[in-house]
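Structural characterization, general
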Amino acid sequence: MNAPVLHPQRWRERLKEASERVRRSNGVVAEGRLTRIVGLTLEAVGLQVPLGVRCEIISANGVRVEAEVVGFSGGTTYLMPVDHMHGVTPDTRVVPLASGHRTVVGPELLGRVVDGVGRPLDGKGPLHCSSAVSLTGTPINPLEREPVREPLDVGVRAINSLLTVGRGQRMGLFAGSGVGKSVLLGMMTRYTEADITVVGLIGERGREVNEFVRNSLGAEGLQRSVVVASPADDPPLARLHGAWYAAAIAEYFRDQGMKVLLLIDSLTRFAQAQREIALAIGEPPVTRGYTPSVFAKLPQLVERAGNGSHESGGSITAFYTVLTEGDEDNDPIADASRAILDGHVVLSRKIADGGRYPAIDIETSVSRVMHDVVDQEHLLMARRFKQVYSTYARYRDLISVGAYQRGSDPEVDDATDRYPALEAFLRQDMHDAVDFEQSVQQLLDLFVPATDAAETEPGTEQIRQSTEFLRSQVLS
């Protein structure tokens, strides 16, 4: 009996399919077998793969779970799941994947909300991205980076004038719970001058993810944004990947020459996810339960932001929120973050309880590149503002109880007179944007008498106050 003759077109199709399978294969792949699950750690034997390789756990009942190799000991390989492990059975197959740490990126992500591995969460259909990049990124030679020399308008008067942010800077937003961190983050998302905004919501409550997308971004803001959400109920590895994925997306658009704003909320949840993984595989803790690998991962994430190389011309200006446990600024993650960032904005619970928003503590906040991106007059006025504000803060208790006698110190008298205007300057409604030029001009008007033309501009009378005494101090 003669064998059936295939049509030439069908032969070409089969050959094409076979060629594609050969191209994607890495030769003979040794599968492993799942032997033990303890907490979040999966133990397998029979695998011959390096750290960081993705594997697929395939149960006989059809359940498939992706996991990543995070360690090994002898013949045992330790994996951490990227997905939830419901339905995994004993002696399950563990199959290495060829994709590794690569993930999809592209302009198709604009306007979308995805999880830490790139799966859509917004119900708008599947993604069809044309490019793939490494999830962990490729470091840029520090000598090839463009220096930070251009100010960035974030729409918040206190930051624009007193804590000026440079394009390509990496800033920390330090705050406890309930002091307006999310509100301030939303303001900067809406008002900052950027071509693309990438938001990484790491370890936050699911309700906050929905509120941020609907209220803080809105339909218009979402069109030029990408949101990567990995809420608190995700496995720790998924939360880590969420932060890495947000950074990878920002790097992709930066390499296209765009000005990118990257918001990671929060860096603390990223560190806590790494702590969970490290403790699960037996790494010893060193400081308040945090392991050494946590403090190694933080700079690896932060250093991916910043200006690009001379050829690309793009930049990533990044804001990382840091949760201060018990409102302590010196907890391990806050202290480590302060050392690797280019400045920090501290939100004070005491100021928030007093009803002033944004509750920025000007005395303890700093921008380390401000002197490189503003002129000398602006810098001098910002320093003078802090001097006057700090003078009043030191004598506040004495003044409030009547222990200070007016006339004892001209600096204290002047600070007392100016304090209402300084507080009015720092206060800003969340729905009002104040651009960079307005912020600087209002700062100058606090200390230098305004011209007759400037007196007609909008602004409170308190912000327009000035004294000859302080003017002589500033101009001398």
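In this report, the structure presented in the accompanying data block is examined. On a predicted model such as this, the values are computed, not experimentally measured, just so you know.

Considering the overall build of the chain
When helices and strands are counted, the chain shows 15 helices and 19 strands. Going through the 476 residues of the chain one by one, you find that 51% of them count as buried. Across the chain, every contact between residues at least 6 apart in sequence was considered, and the portion connecting residues at least 24 apart equals 71%. Carbon and sulfur atoms form 52% of the exposed surface of the chain, whose accessible area is close to 22300 Å².

So, the sheet that holds strand 3 (residues 54-58)
The antiparallel closed barrel is built from 6 strands, whose spatial order is 1-2-5-4-3-6. The mean angle between the axes of side-by-side strands here comes to 45°, regardless of whether they run parallel or antiparallel. With 4 bridges joining them, strand 3 and strand 6 (residues 93-96) adopt antiparallel strand pairing. Note that in strand 6 the partner of Cys-55 across the bridge is Pro-96.

Section: the pairing of strand 4 (residues 64-73)
Here strand 3 pairs with strand 4 via 5 bridges, running antiparallel. Within the sheet, the bridge partner assigned to Cys-55 lies in strand 4 and is Ala-67. If you look at the hairpin formed by strand 3 and strand 4, you'll find 5 residues sitting between the two strands, and Gly-62 has a positive phi there, around 95°. Judged from the 6 bridges that link them, strand 4 and strand 5 (residues 76-81) form a sheet pairing that is antiparallel. Note that in strand 5 the partner of Val-69 across the bridge is Leu-79. Between strand 4 and the antiparallel strand that follows it, strand 5, lie 2 residues; Gly-74 among them carries a positive phi value of about 65°.

A few points about the packing of helix 6 (residues 267-280) against helix 7 (residues 292-302)
The interhelical angle for the contact between helix 6 and helix 7, taken along N-to-C directions, is 140°, at an axis separation of 9 Å. Judged by the inter-axis angle, helix 6 sits oblique to helix 7. Of the two elements, helix 6 crosses helix 7, and the hand of that crossing is right-handed. Residues Leu-267, Phe-270, Ala-271, Gln-274, Arg-275 and Ala-278 of helix 6 pack against Ser-293, Val-294, Lys-297, Leu-298, Leu-301 and Val-302 of helix 7. Looking at the contact of helix 6 with helix 7 residue by residue, the classes come out as 8 nonpolar, 2 polar and 2 charged.

Structural notes on the pattern of salt bridges
With the rule as written, the count across this model stands at 23 salt bridges. Note that Glu-68 is salt-bridged to Arg-54, the shortest N-O span being 3.8 Å. In this pair, Glu-68 is assigned in strand 4 and Arg-54 in strand 3, connecting sequence segments 14 residues apart. Residue class for Arg-54 comes out buried when judged on its relative accessible area of 10%. Put simply, Arg-406 and Asp-417 hold a salt bridge, and the shortest N to O gap is 2.8 Å. Of this pair, Arg-406 sits in the loop between helix 11 (376-400) and helix 12 (410-426) while Asp-417 sits in helix 12; the two residues are 11 residues apart in sequence, bridging distant segments of the chain. Salt bridges sharing partners connect three or more residues here, namely Arg-54, Glu-66 and Glu-68.

Focus on the packing of helix 5 (residues 236-255) against helix 6
Relative placement of two packed helices is described by the angle separating their axes and the distance separating the axes. Between helix 5 and helix 6, whose axes approach to 8 Å, the crossing angle comes to 140°. As judged from the angle between their axes, helix 5 and helix 6 are oblique. As helix 5 packs across helix 6, the resulting crossing turns out to be left-handed. Mapping the contact onto sequence places Pro-236, Leu-237, Arg-239, Leu-240, Ala-243 and Trp-244 in helix 5 and Phe-270, Ala-273, Gln-274, Glu-276 and Ile-277 in helix 6. When the residues that make up the contact of helix 5 with helix 6 are grouped by side-chain class, the tally is 8 nonpolar, 1 polar and 2 charged.

A look at helix 6
A rise of 1.5 Å per residue sets the reference length of helix 6, with its 14 residues, at 20 Å; its end C-alpha atoms lie 20 Å apart and thus fit the reference within 8%. For helix 6, the buried fraction is high: 10 of the 14 residues fall into the buried class. Along helix 6, the residues that are buried comprise Leu-267, Thr-268, Phe-270, Ala-271, Gln-272, Ala-273, Gln-274, Arg-275, Ile-277 and Ala-278. Of the residues trailing helix 6, Gly-282 is marked for its positive phi of about 95°.

What counts and how
- Residues numbered from 1 in each chain as written.
- Predicted model: local features only at pLDDT ≥ 70, side-chain atom pairs only at ≥ 80, totals over all residues.
- Heavy atoms only, no water.
- Helix = DSSP H or I, 4+ residues; strand = E, 2+ residues; numbered from the N terminus.
- Buried < 20%, exposed > 50% of the residue type's maximum accessible area, 1.4 Å probe, protein only.
- Contact = heavy atoms within 4.5 Å.
- Areas by Shrake-Rupley, 256 points an atom, 1.4 Å probe, with all protein chains shown as cover.
- Pairing = 2+ DSSP bridges.
- Axes fitted to C-alpha atoms, helices over the stretch in contact; angles between N-to-C directions.
- Parallel < 35°, antiparallel > 145°, perpendicular 65-115°, else oblique.
- Left-handed = near helix turned anticlockwise from the far one by under 90°.
- Nonpolar A, V, L, I, M, F, W, Y, C, P; charged D, E, K, R; others polar.
- Salt bridge = Lys/Arg side-chain N within 4 Å of Asp/Glu carboxyl O.
- Expected span 1.5 Å × (residues − 1).

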